[in-house]
Each structure stands twice: as structure tokens, then as C-alpha cells.
Amino acid sequence: MNVVAAAALIVVISVDQMRYDYLQRFDPFFTTRGFKRFTTVGATFTNARPRHSVTSTGPGHAAIGGGTVPAENGIVANRWLDRTASFDQSKWDAYFAETSPYGIATSTPPAKRWYESHASPFFASDGALTPTLGDRLKRKSPQSQVVALALTDRASILMGGKSADATYWFDHRRGGFVPPTPFNAFVPGYIPATSQWSPLVPRAELERITFDPPDAWPLKNATYGATFPHAIANIRALQSTPFAHEMLFDFAQQLIAERNLGADATPDILYVGISSTDYLGHLYGPDSMEVADSMVRLDRSLAAFLDALERRFGDRVIVALTSDHGIQSLPEIAKLRDPRADAGRIDLRVPQPNAQRIRDLPPARIELERKLARSLNLPFSEDAPLQHALIFFFEEPALYLNDARIAELGLDRSRVKRALRNAVRTLDGVANAWTNDDRDMPRAVRNTLHATRSGDVVLTLRPGWIWMWGSNSTTHGQPVEADLHVPLMLYGPGIAKGTYEDDASPMDLARTLGVLLDVDAGGRDSRVLPCVTSTRK
């Protein structure tokens, strides 16, 4: 039996959209019992980054839970096109409900909508193709429990795995966490009595550690107000505030007690996904006072949770903390800070469900269609039906070809892919593009491609450039430093204290914890972190 069999519980905390530099920028406002606890008693990795290029929630949490890259686990994005599936209207309805299509829907739907074909969208929350650490542990030790909770379904499901004893996520439309739990009765109580989020950190200090002048406020997403105080009218708004941090940690403590996690002879695993950092980070951006105040409040909620674990388990708990990805500045705020900044947005979104003509596509998509037609010696008209477009679907970071149209025209598919790759490379903001069978792509991009799930042409953007996804929010998803560099910290029995500058990744957690649990976990690119002190009695 492994030396860490003495550990009652392993807790893996994923702070969605947490950049590594937050630990440094906001350090003066942190307590000694939250983030700093890891640096005091545990191992801190200063150079942790995903080993895949699509820095999104789905791929990131699949890597944390299973130690595998998208090429192995199939989670190539948060959503993708399933070209092997038959047409499913419910899948498309779910897709359009979750995304922000381009343009304005026409009042009268056409006889056949542009997306009605043999394919349907597929969602990361449907699960990975490869086993997670929890799946491996359950196979070896069926009596061990694996429990996961987060605000987003994809974070909880992809970390916990198919064999998890319980996975919970938040659905404001259903009044709280699902599956339904008695804890939901307490959810409204996390809205402050003022129904507002006002800063915990003094305003002058927030202004000192952020770039958030009044000129920046109109550039941020104003769904809940562009600056403090932010209204919290309901539990949907609660999700985008730091009060949801406390709610999630309290729910985690209740699950530990209800399920007697860590009480039996075999170790259990608890995954906790702090998703509210992602929601509010998209709205306000990493330069904002909101993100700064959120991280300070998270530090206090984290400290309370870790103190509770210590009271319950003593030194018989291993705790790891990491993130799925970082975040880039809003391009408009980057340019407000430096008018010469190379920053912007690229809009390749799919059109509205009732769109009918190529002219209903975003301008960049129309330009790609025009260049494709020119390259392939085909006629082009913006008035042509959307079904005549050579590009069928976009889901960051990949474009999917319209196979039906290519077959109808008798075109060579490989030639069309190459022509599209070359056209994409001409778009302002694009760093590079490859067909899915090019051999010259970087390893991180190759790690993102799955044989049956990835698009035909994958592209990366220059630092400072982001995808347009329907609002003046910011986003992530690129293999650039702001999106890649994340925290990776852990402490507990079998973990040597220290600061490590080794090349590391959140995906290394699965293999490292697997070694400590004496189970084989992780994929081809995962490694055992050098902080492991021993693996056998």
C-alpha cells in the first residue's frame, strides 16, 4: 500500500480563469491561511501551463481530472461539431442557447435552416473519452468515494469522471445545484442583505493595484453594472460575484459531512471547481477592480475552507489548487492603456438560426468565402444561400467545412482545406493556421486535435487578440502567456515543501496524485511532479 494511503481525503481545487500573476499582484491583501498556506507548508510551481493550445474550460478541466490532452480525451473545446451524428434539433437548440450567434434573427424561418444537415453539436459536459484519476481510483478501490462540484457542469463532470459517486453543478433556472440537494434552501442567503456587491478592499487600494479608471467602465460588460456597487437581484447574478465562492466551499463542507468523506480506510477524492471567477472575469477583465476584490475575497473563503479541513482531518488531507486557464485583457482596455497595443477581436461566429444568405455571416466569414471562391475558381455572391457556403461551422479555435457543398461541386476536400488555411492566415490578428493533417504545427496545437472531433482548419491568434462571442466581454482560449500561465500548488503527506521552477502543468496533478494513491493515471504528456517525496512504504 502506498505511503499516502494514510491520507483520508484528497481535495483538488480548480479556480476557473485564474492567472498566475494574481498570486503576485494581490499578495499584500492575502491572509496567511489561504493562498499563502501553500507557499508556507507546500509545493508551489512557478511555471505551470497547459500542454494543449485551446485554453478553455472543457479542455482545461479534462486535463486536471484525467491528466490527458484533447487528442487523447476528445475534449477539443467546450463544444464542437459531431459530424458522425444525425441531425438533432434539440442539440442545436442547446447550442444556440449557450452561444451568441452573429447577426439578428429573421422573423420568418426558411423552409430549411442553414444548419440542418447530418451533423449536430456536441458538448464537453457529455464527458471525456478517457478515464480520470477518480475513475482509476474507483476501479482499484470501489469503496473509495469520488465527488465533484462546481458552478459549471463541464468542470464538475470532467474532473469527477464517469465513475464519480456524485457530481453537482449550478443551474439558476432550477433554483440551485443539480441534482437537487437540501443545500439549495440556503442558496438565496448568499445574496448580501444589501443585494449589492461592494468592494471589501478599500477603493483607493483597488485603484492602485488595477488599471480601471472611469474611462474603462463603459468598455466593460454592464450586465450587472460597469463598476461598484454591482446589483445582485437574484441567484443568476450571484453566480458572477465572489459570494458564490463562499457558497461553493460551504456546499463542499456539507458534502464532506453528509457523505462521510475521508472517514473510511480508503482515501476519497473531492473536486471543487470555483467557477464564479470565470463568470465575473469575462464581464470585467483581469485589469478590473472587480477581479482584484474577487481574488481577495476568494483568499478568505479558501482560508476558511482549509481551516475546516484541518480541524476535521488534521494532517491526513492532501490539497491541490490550480486553474484551467487564464484570461486576456479586453482589447479596448488594452488600447486605453496603450493606444499602440496590438489588440482586437475576430468574429467567425455562426449566424442566427434563421439566417438565409451568405451576407448574413460576419464580415470576416464573408471575406473567407470570397477568398476561397477566388482560390478555387468558383463564382461568389453574397446573395447565395448559406447552404452554398464552403465553411459550415466555427467553434473556437477551428473551422469545419461544408462537406455537402464540397461534394455537390465535386471539389477535392484536401485542396479546399489548404485554400481555407491560406485564406485564414491573411486575417488581421491571426498568428497562424493549419489544416488538421498538416505536420508543421507546434506540439501544443497537435495535442488539441482529435481525429474525429476537431475541425478542418485550426487557428491561433496573436497575443492581445480574442474571439468575438457576442458582447464587450473578454475571453481566453489562446496559447499565449496570459491564457496559459496558471497556479499549481499542493500540500499534504508525501509532498515536499518548496518553490519549483520546473516545467509543470495542471495535467500533472492526475499522474502525481495517482502515484501517491498507487494507481496509474494520466496520459502521454503528463509527468510526476518533483515535489513527491516517496511512493512506497
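Residues numbered from 1 in each chain as written. Predicted model: local features only at pLDDT ≥ 70, side-chain atom pairs only at ≥ 80, totals over all residues. Heavy atoms only, no water.

Enquirer: Give me the lowdown on the nonpolar core, citing residues and values where you can.
Expert: Judged by nonpolar contacts, the single largest core of 67 residues is most densely connected at Val 11, Ile 13, Phe 35, Met 247, Leu 270, Val 272 and Phe 305. Among the elements that line this core, the one with the most residues is helix H12 (residues 289-313), at eleven residues. In this view, Ile 13 contacts Phe 249, Val 272, Ile 274, Leu 302, Phe 305, Val 319, Ala 320, Leu 321 and Thr 322; residues no more than four positions away in its chain are not counted. (Core = buried A, V, L, I, M, F, W, Y, C linked by side-chain atoms within 4.5 Å. Buried < 20%, exposed > 50% of the residue type's maximum accessible area, 1.4 Å probe, protein only. Helix = DSSP H or I, 4+ residues; strand = E, 2+ residues; numbered from the N terminus. Contact = heavy atoms within 4.5 Å.)

Enquirer: I'd like a description of helix H14 (residues 363-375), backed by residues and values.
Expert: Its 13 residues give H14 an end-to-end C-alpha distance of 18 Å, which sits within 8% of 18 Å, the value for a rise of 1.5 Å per residue. The set of residues buried in H14 consists of Ala 364, Arg 365, Ile 366, Leu 368, Glu 369, Leu 372 and Ala 373. The elements touched by buried residues of H14 are strand E13 (391-395), strand E14 (398-401) and helix H16 (413-424). Looking one or two residues past H14, Asn 377 carries a phi angle of roughly 60°, positive in sign. (Expected span 1.5 Å × (residues − 1).)

Enquirer: Go over the pattern of salt bridges with me, naming the residues and quoting the values.
Expert: The full count for this structure, using the stated rule, is 39 salt bridges. Among the ionic pairs, Glu 207 bridges to Arg 203, the shortest N-O distance being 3.7 Å. Linking Glu 207 with Arg 203, this pair stays in helix H8 (residues 203-209), spanning four residues, or about one helical turn. Classification of Glu 207 as partly exposed rests on a relative accessible area of 47%. Given a relative accessible area of 29%, Arg 203 falls into the partly exposed group. The salt bridge partner of Arg 345 is Glu 332, with a shortest N-O separation of 2.9 Å. In this pair, Arg 345 is assigned in strand E12 (residues 344-346) and Glu 332 in helix H13 (residues 331-337), connecting sequence segments 13 residues apart. Accessibility expressed as a relative area gives 17% for Arg 345, which makes it buried. Beyond isolated ion pairs, a larger network of salt bridges with shared partners links Arg 33, Arg 37, Asp 307 and Glu 310. (Salt bridge = Lys/Arg side-chain N within 4 Å of Asp/Glu carboxyl O.)

Enquirer: Which residues make up the pairing of strand E16 (residues 457-461), and what are the values?
Expert: Each regular strand shows side chains that alternate between the opposite faces of the sheet. With respect to burial, E16 is a largely interior element, five of its five residues being buried. Neither face of E16 is left uncovered, since the one carrying Val 457, Leu 459 and Leu 461 and the one carrying Val 458 and Thr 460 both have all their residues buried. When E14 meets E16, the two strands line up antiparallel, connected through two bridges. Directly across from Ala 398, in E16, lies its bridge partner Val 458. (Pairing = 2+ DSSP bridges.)

Enquirer: Give a detailed account of the environment of Arg 374, specifying residues and quantitative values.
Expert: Relative to the helices and strands, Arg 374 is located in helix H14. Linking Arg 374 and Ala 482, residues 108 residues apart in sequence, is a C-alpha distance of 37 Å.

Enquirer: Can you break down the side chain of Arg 297 residue by residue, with the values?
Expert: Positionally, Arg 297 belongs in helix H12. Polar side-chain contacts of Arg 297 include one of 2.7 Å to the backbone oxygen of Ser 198. (Polar contact = N/O pair within 3.5 Å; in protein donor to acceptor, adjacent residues only side chain to side chain.)

Enquirer: Break down the packing of aromatic side chains for me, citing the residues and quoting the values.
Expert: One pass over the full model with this rule turns up 30 aromatic pairs. A centroid spacing of 4.9 Å and a plane angle of 20° characterise the contact between Phe 45 and Tyr 500, whose relative ring orientation is stacked. Placement of the pair is Phe 45 in strand E2 (residues 43-45) and Tyr 500 in strand E19 (residues 498-500), with a sequence separation of 455 residues. Accessibility assignment for this pair places Phe 45 and Tyr 500 in one class, buried. The lysine or arginine in question, Lys 91, covers the ring of Phe 122, its NZ or CZ lying 5.5 Å from the ring centre. (Phe/Tyr/Trp six-rings, centres within 6.5 Å; stacked < 30°, edge-to-face > 60°. Lys NZ or Arg CZ within 6 Å of the ring centre and 35° of its normal.)

Enquirer: Got a sec to walk through the side chain of Asn 78? Specific residues and values, please.
Expert: With respect to the element layout, Asn 78 can be found in the loop between helix H4 (70-73) and strand E3 (79-82). Classification of Asn 78 by relative accessible area gives buried; the value is 13%. There is a polar contact of 2.7 Å between the side chain of Asn 78 and the backbone nitrogen of Gly 58.

Enquirer: Now, about the environment of Leu 449: what can you tell me, with residues and values included?
Expert: Along the chain, the position of Leu 449 falls in the loop between helix H17 (443-446) and E16. Once you skip the residues sitting within four places of it in the chain, Leu 449 turns out to touch Ala 71, Asn 436, Met 441, Ser 454 and Val 458.

Enquirer: Please provide a residue-by-residue account of the pairing of strand E11 (residues 317-322), values included.
Expert: Most of E11 is tucked away: six of the six residues are buried. What you see with E11 is no split at all: Val 317, Val 319 and Leu 321 on one side and Ile 318, Ala 320 and Thr 322 on the other are buried throughout. Bridging between E11 and strand E18 (residues 488-491) involves four bridges; their strand directions are antiparallel. For Ala 320, the partnering residue across the bridge sits in E18 and is Leu 490.

Enquirer: I'd like to hear about the sheet that holds E13, residue by residue, with values.
Expert: One open sheet holds the four strands; their spatial order is E13-E14-E16-E15, and the pairing between them is antiparallel. Each having just a single partner strand, E13 and strand E15 (430-435) make up the two edges of the open sheet. Across this sheet, the average inter-strand angle for adjacent strands is 20°, counted without regard to direction. As paired elements, E13 and E14 share four bridges and run antiparallel to each other. From the neighbouring strand, Glu 395 faces E14, where its bridge partner is Ala 398. Lying over the sheet, H14 contacts E13 and E14, oriented at roughly 140° with respect to E13. Contacts from H16 reach E13, E14, E15 and E16, with the element oriented near 175° to E15. (Axes fitted to C-alpha atoms, helices over the stretch in contact; angles between N-to-C directions.)

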